[in-house]
Structures are given as structure tokens and as C-alpha cells.
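Reading the structure
If you want the building blocks of each chain, they are given just below.
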Amino acid sequence: MPLRRRPRDENGGQELAELAALADGSLAPERRAALEARVAASPELADRLAEQQRAVTLATSAAAEVEAPAALRTRVDARRRERRRRPSRLVAIGAATAAVAAAIGIGVGVLGSGTSGESFHSALAATDLAPGANGEATLTKTSSGWRIELDATRLPRLEGGRFYEAWLRNRAGVLVPVGTFNEGRKVTLWAGVSPQNFTTITVTREQADGDQASSGQKVLVGRVPS
């Protein structure tokens, strides 16, 4: 006997909510078999279930990259347990979609609050003042400015008031200091100017003598590719 389609205005909301529960695994076992049979017989229901499954996948991916606050996880777990205990009071599809959007929004907010993802890479070559040295720098745009991850090798450690200082320079020769360090391995620097405009990176040897200008004693030089 063919399945008769129930009026949308009587049970459409419940049917969509059951599809959402089936997609995320929270549908009561006694309802699962019947709903799966209807989905198998209806291309329209199969399409709707596929939409719900894609939404669950997006939410799961966002949650995997961002650890939700403990209070939020507790509320989500409590709602799932309540839905399993009370299958007759199912969440409507609009609420399920809103929950997915909220989960994705939290992930994007946390992941995007610190960085825009725009980045550049620069190789640094040694000068005659540091033969055999080399380095590389990755410049990443964040909400606080440009984070520069510098890793240089074969630069001797400087101490006793002596240090290295990194700079960004534009075509007009204007220098902007981006940080100081004693040893070149895994250094984090910060710049308030864009490497798209200040396209040359230099590292100089400096002395704590009260003079804030560059000594001009370059040990590493690199270009930021446009």
C-alpha cells in the first residue's frame, strides 16, 4: 500500500524536526526506523535529510577547531538529553538551523578575532657582517597588527647591552622598528605598518647607548614579495 502524504500544515514542522534529530543522531530509536523508511520512499525527504546532515557536518567541523566554553557545552548536552527523554517535543527546523549558525558563528568569531589570514613569507640573506647566517620571516595580519615570526640561524648571541633589532623599510627609505632580540631562533616581532608598503626587512646589530636610530650594521636583509 503506498504511503499517503500527510498535510504539511499538520505535521510539516514535526517531520522537519525529526529529520534534524535523525541527522544529528538524537532521534529516539522507536521513531528512527519509521522515518528512515519514509526517507527511502521520498526523494524530497531524502534531500531535506541531506541538507540537515550537511548542517551538522559544518557545526561539527567548527566545534572541532574551537573548544566551546564549559557552560555552553553543558547546555548543549542537557538539551540533547532532554530531547531524547521527551521525543514528542521536538525542536523545529528553524531552531535547529539557528543552533548550527550559532555554533559556526562562535567558531568563526574565536578563530577570526586574532587574524585575518593574510600573510607573506620572506627569505633573509646574510651580509658580510654575518657570513653564513640566513633566516626566514612569516608576516601575518591580525587585529593587533602584523605578527612577524622570524627564525634566523648562525647569528651569534648578543649580550652585555648588545642586541639585534629588526626593521621594515619602504621605498622612500623610512625605517620602522619592529622588535629587538638577543638570539635569532623562533622570534616573534610586531609591526604596525603593512609589509605591502614597507617591503624590505632588515636585521641590525645595536648597542644600548640611548640612540634609537638604526646603527646601519645590517646582518640580514630580505624582501617581502608582493
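Residues numbered from 1 in each chain as written. Predicted model: local features only at pLDDT ≥ 70, side-chain atom pairs only at ≥ 80, totals over all residues. Heavy atoms only, no water.

In terms of helices and strands, the chain carries 5 helices and 8 strands. Along the chain, helices and strands appear, N-terminal first, in the series α-α-α-α-α-β-β-β-β-β-β-β-β. For the chain, with 226 residues in total, the buried portion stands at 32%. Sequence separation of 24 or more characterises 58% of the internal contacts of the chain that already satisfy a separation of 6 or more. For the chain, the accessible surface area stands at approximately 13700 Å², while carbon and sulfur atoms represent 53% of it. (Helix = DSSP H or I, 4+ residues; strand = E, 2+ residues; numbered from the N terminus. Buried < 20%, exposed > 50% of the residue type's maximum accessible area, 1.4 Å probe, protein only. Contact = heavy atoms within 4.5 Å. Areas by Shrake-Rupley, 256 points an atom, 1.4 Å probe, with all protein chains shown as cover.)

Moving on: the packing of aromatic side chains. Evaluated as defined, the whole model comprises 2 aromatic pairs. Note on phenylalanine 120 and tryptophan 146: the rings are 5.8 Å apart at their centroids and 35 degrees apart in plane angle, and the pair reads as tilted. Residue phenylalanine 120 is found in strand E1 (residues 115-126), and its partner tryptophan 146 is found in strand E3 (residues 145-153); the two are separated by 26 residues along the sequence. For the residue pair phenylalanine 120 and tryptophan 146, the accessibility class agrees, reading buried in each case. (Phe/Tyr/Trp six-rings, centres within 6.5 Å; stacked < 30°, edge-to-face > 60°.)

Attention now moves to the environment of glutamate 183. Assignment of secondary structure puts glutamate 183 in the loop between strand E5 (175-181) and strand E6 (187-191). Among the polar contacts listed, one links the side chain of glutamate 183 to the side chain of arginine 157, at a separation of 3.4 Å. (Polar contact = N/O pair within 3.5 Å; in protein donor to acceptor, adjacent residues only side chain to side chain.)

Pairing analysis gives 6 bridges linking strand E4 (residues 162-169) to E5, with the strands arranged antiparallel. Bridge assignment links arginine 169 to a residue of E5, and that residue is leucine 175. (Pairing = 2+ DSSP bridges.)

A one-sided burial pattern is seen for E6, the buried positions being Val187, Leu189 and Ala191 and the unburied ones Thr188 and Trp190. Looking at chain direction, E3 and E6 are connected through 5 bridges and run antiparallel. For isoleucine 148, the partnering residue across the bridge sits in E6 and is leucine 189.

Turning to helix H2 (residues 29-41), a few remarks are in order. The end-to-end C-alpha separation of H2 is 19 Å, in line with the 18 Å expected for 13 residues at 1.5 Å each. Buried within H2 are the following residues: Leu35, Arg38 and Val39. Down the axis of H2, the smallest arc covering the buried residues is 100 degrees, so these residues share one side. Pointing more than 90 degrees away from the buried face of H2 are the exposed residues Pro29, Glu30, Ala33, Ala40 and Ala41. (Expected span 1.5 Å × (residues − 1). Arc of directions from axis to C-beta.)

Relative to the helices and strands, threonine 140 is located in strand E2 (residues 134-142). Judged by its relative accessible area of 13%, threonine 140 falls in the buried class. Sequence separation between threonine 140 and proline 195 is 55 residues; the distance between their C-alpha atoms is 9.6 Å.

Right, let's get into unusual backbone geometry. With a phi angle near 65 degrees, arginine 154 is a residue other than glycine that sits in the positive phi range. Positive phi, normally seen in glycine, also occurs at lysine 186, with a value near 50 degrees. Following the sequence through the fold, lysine 186 ends up in the loop between E5 and E6.

Turning next to the confidence of the model for the chain. When pLDDT is averaged across the chain, the result is 78; 69% of the residues are at 70 or more. Residue range residues 87-93 is modelled with pLDDT below 50. Its contacts to residues more than four positions away, or to other chains, number 13 contacts. Long-range and interchain partners of residues 99-115, a stretch whose pLDDT sits below 50, account for 20 contacts in this model, where long-range means more than four residues apart. (pLDDT = per-residue confidence, 0-100.)

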